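Tertiary structure, described
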Amino acid sequence: MKRHIFSLLLLSCLTTSCNNLLDEDVRTQLTGSFIGTSEGLEAAVVAAYQPLRQFYGVERGMTTTVFGTDIYMQGSDGSFKYFDTYSSQLDARNQYSREIWNNFYVGINTANAIIERAPEITNMNDATRTIRIGEAKFLRAHHYFVLVQMFGPVHITLEETQQVETESGRSSVAEVYDVIVTDLEDAISRLPATTNDWGRAVKPAAEHLLARVLLTRASSVAAQPTDYERAATLAKTVINDYSYTLLPDVAEVFAQGNENNPEMIFAAQYINDQIYNGDGPNNASRFVLMQYDVEPGMKRDMLNGTPWKRFRPTDFLLNEVYDDRANDVRYDKFFKRVYYANNAATIPQVNGAPAYSVGDTAIWLPGVELPASVIESKSYQVLTPSRYTPKLYPSLIKFDDAIRPDNQAPGVRDFPMMRLAETYLIAAEALMMSGQAEEAAEYINTLRLRSARVGDTPEETEQHRQAMMVSPDQLNIDFILDERARELVGEMFRWFDLVRTGELVERVREHNPYGGGNIQAHHVLRPIPQDQIDRTTSEFAQNPGY
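A brief report on the enclosed structure follows.

Here is what the cut-offs are and how they apply
- Residues numbered from 1 in each chain as written.
- Predicted model: local features only at pLDDT ≥ 70, side-chain atom pairs only at ≥ 80, totals over all residues.
- Heavy atoms only, no water.
- Helix = DSSP H or I, 4+ residues; strand = E, 2+ residues; numbered from the N terminus.
- Rg over C-alpha atoms; globule rule 2.2 N^0.38 Å.
- Contact = heavy atoms within 4.5 Å.
- Lys, Arg positive; Asp, Glu negative; His and termini not counted.
- Charge placed at Lys NZ, Arg CZ, Asp CG, Glu CD.
- Core = buried A, V, L, I, M, F, W, Y, C linked by side-chain atoms within 4.5 Å.
- Buried < 20%, exposed > 50% of the residue type's maximum accessible area, 1.4 Å probe, protein only.
- Pairing = 2+ DSSP bridges.
- Phe/Tyr/Trp six-rings, centres within 6.5 Å; stacked < 30°, edge-to-face > 60°.
- Salt bridge = Lys/Arg side-chain N within 4 Å of Asp/Glu carboxyl O.
- Patch = residues over 30% accessible without salt bridge, like charges linked within 9 Å, V, L, I, M, F, W, Y side chains within 5 Å.
- Areas by Shrake-Rupley, 256 points an atom, 1.4 Å probe, with all protein chains shown as cover.
- Expected span 1.5 Å × (residues − 1).

**A look at the overall build of the protein**
The secondary structure content of the protein amounts to 23 helices and 11 strands. Computed over C-alpha atoms, the radius of gyration of the protein comes to 24 Å, within 12% of the 24 Å expected from 2.2 N^0.38 for 546 residues, which places it in the range of a compact globule. Taking the intrachain contacts of the protein between residues at least 6 apart in sequence as the baseline, contacts between residues at least 24 apart amount to 70%. The average position of the 51 basic charges and that of the 73 acidic charges among the side chains of the protein differ by 4 Å.

Structure follows, in structure tokens:
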């Protein structure tokens, strides 16, 4: 890549513990000599986390990973719909490819500076130095992993850039994965198992990420014979050797105020401070909401959120992925089914009297078609699937954020990047792909049983549990992909999952009415940003098809 003189916003982290996130002290116009001090290095380490807040939970990251897939398509509002339609506008000049590329390379350069400078600092104890280098390698590996998945062969730079350089080239996918794997192996050897500073990388987060990396590499041109086996071993280590556990109620994983829970391994952190959050405010809660606020009996409020109507569930997600709602509670836990009236002024009148009162049901989404007589018997609006539109559809509530300062403010919640449910899914897929279907089914069933419906009697509960169990011969890559959608919907995995399994083109054609007619084989990679190519004096090839 073309190297830049980076103007780093470095946030120094105090070594004292805190309950939610790294304490920050904003500094600008920092000199290279400052980074060479203990205080400066601590600031640089926190700065290396910043690209996470420019990708996870923000529009550029969610646009490029959530919709344009088989489970999410465009709603009525928003720009960048060409990521869903795969039209000719998805070219090398698109803003989001450029920003993702630049943001992660800034983070990589910051990590390079930390790794190079840390050994030279004299007023830092060796234990802290070891951990900070481990954090930098974890982050550098993460940044390169996103880049190689999105763009394929990319430029590798493992040295700090302190001046403008215009020569660069694309290293092979195998070489990029070698850097990622080596960095994560070193991070695992350096990082502590736990930390008092929620938000810092720890050893199990590095092991989880390496398991995800190996699972992805295993189906790439850089595949190694042991990738699936190693991915399974690492995932099982995270599951068995630490204190992480699946919460009994999957809804509690996403309960506001419970972000740092025993299922959460690592998260991108946000607070109510835009200077800290950077140029990518967490708006995840807004993108997946229907336009409830103009419907009868309703107005916009903090509890129901700010509906930006960016991403709409596909029929495939609603009708096939979540087809078993009798036994599996995840649709009920993840999607809003009832809106309660909060606007007396727009409640419909019946014979001169309000049809219902504030606090009563105003909108019900039963999730299935109902007889006209049932619908007509209700005093409130019944929104059945045949009445869904680009503005009205089931809202994903995983990221609901009711404690923002106001309806115009961005989110303040941490965004989940790694949680134990995904670890179970990685273990299951890696075991299945390495011929160990029986053990794979055990991990799948453990996860599925967590979401088995509780019946009115123990006998009913057991019936639901038995219905949730799958046998080894039911496991294949399509089942795994559907199970990942059921559990991880909206969590920024889907585009990556479809690409690494070779299913993107087929599934978009089959299940996404906007992108299905346009998507082509080359869309498994994003275009290299044109300004990267234009500003590089050496040849820097564009991805095929762009």
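Next comes the rest of the account.
**Quick look at the nonpolar core**
One finds Tyr 72, Phe 138, Tyr 144 and Ile 180 to be the most contacted residues of the largest nonpolar core, which totals 156 residues. A total of 12 residues in this core trace back to one element, the largest contributor, which is helix α7 (residues 126-151). Leaving out residues up to four positions away in the same chain, Phe 138 has contacts with Leu 184, Ala 187, Leu 191, Ala 201, Ala 205, Ala 206, Leu 209, Phe 266 and Met 418.

**A short note on the sheet that holds strand β9 (residues 361-364)**
Across the sheet, 3 strands lie side by side as β6-β9-β10; this open sheet has mixed pairing. Edge positions in the sheet fall to β6 (338-340) and β10 (381-382), since each has one partner strand and no second. Note that β6 and β9 share 3 bridges and pair antiparallel. Considered in β9, the bridge of Tyr 340 is made with Thr 361.

**Examining the packing of aromatic side chains**
Under the counting rule described, the total for this entry stands at 25 aromatic pairs. Ring centres 5.0 Å apart and planes at 90° place the aromatic pair Phe 55 and Tyr 56 in the edge-to-face group. Overall, Phe 55 belongs to the buried group, its relative accessible area being 2%. Between Phe 287 and Phe 311, the aromatic rings sit 5.6 Å apart at their centres with planes inclined by 50°, giving tilted as the arrangement. A residue pair is termed long-range when its members are at least 10 positions apart, and Phe 287 in helix α13 (residues 284-287) and Phe 311 in strand β5 (residues 311-313) qualify at 24 residues. In terms of burial, Phe 287 and Phe 311 fall into one category: buried.

**Considerations on unusual backbone geometry**
The residue Tyr 86 is not glycine, and still its phi comes out positive at about 55°. Positive phi, close to 55°, is recorded for Asn 351, a residue that is not glycine. Looking at the element boundaries, Asn 351 is found in the loop between β7 (349-350) and β8 (353-354).

**Side note on the pattern of salt bridges**
According to the stated counting rule, one finds 43 salt bridges in the structure shown. Of the charged contacts, one joins Asp 328 and Arg 330 as a salt bridge, the two residues approaching to 2.8 Å between their closest N and O atoms. Of the two residues examined, Asp 328 and Arg 330, each falls in the buried class. The partner of Arg 484 in a salt bridge is Asp 497, and the shortest N-O contact between them spans 2.8 Å. Placement of the pair is Arg 484 in helix α20 (residues 477-488) and Asp 497 in helix α21 (residues 494-500), with a sequence separation of 13 residues. On the basis of relative accessible area, Asp 497 is assigned to the buried category, the value being 4%.

**Observations regarding helix α22 (residues 504-511)**
Those residues of α22 not exposed but buried are Leu 504, Val 505, Arg 507, Val 508 and His 511. Buried-residue contacts for α22 involve α14 (315-321), α20 and α21.

**Digging into the environment of Ser 243**
Looking at where Ser 243 falls in the secondary structure, it is placed in the loop between α10 (227-240) and α11 (250-253). Overall, the relative accessible area of 66% leaves Ser 243 in the exposed class. On a C-alpha basis, the gap between Ser 243 and Glu 263 in space is 9.0 Å, while along the polypeptide they are 20 residues apart.

**Some points on the pairing of β9**
Across a regular strand the side chains alternate sides, sitting on one face of the sheet and then on the other. Here 2 bridges tie β9 to β10, and the two strands are oriented parallel to one another. For Ile 363, the partnering residue across the bridge sits in β10 and is Gln 381.

**Some remarks on the environment of Val 146**
Within the secondary structure layout, Val 146 lies in helix α7. Its relative accessible area of 2% is what places Val 146 among the buried residues. Apart from residues no more than four positions distant in its own chain, Val 146 is found in contact with Phe 55, Tyr 56, Phe 104 and Phe 496.

**Quick notes on a negative patch on the surface**
Together, Asp 315, Glu 320, Asp 323, Glu 506 and Glu 510 make up a negatively charged patch on the protein surface. Of all the secondary structure elements, the ones that give two or more residues to the negative patch are α14 and α22. Locating Glu 506 in the fold gives a position in helix α22. Using a relative accessible area of 49% as the deciding quantity, one classes Glu 506 as partly exposed.

**Some words on the environment of Gln 149**
Inspection of the secondary structure assignment puts Gln 149 in helix α7. By relative accessible area, Gln 149 is classed as buried at 11%. Separated by 351 residues in sequence, Gln 149 and Arg 500 have C-alpha atoms that sit 8.3 Å apart. Ignoring sequence-local partners within four residues, the contact set of Gln 149 consists of Tyr 177, Thr 216, Trp 495, Phe 496, Val 524 and Leu 525.

**Observations concerning helix α18 (residues 437-450)**
Between its first and last C-alpha atoms α18 spans 20 Å; for 14 residues at 1.5 Å apiece the expected length is 20 Å, and the two agree. Residues of α18 that are buried: Ala 440, Ala 441, Tyr 443, Ile 444, Asn 445, Leu 447, Arg 448, Leu 449 and Arg 450.

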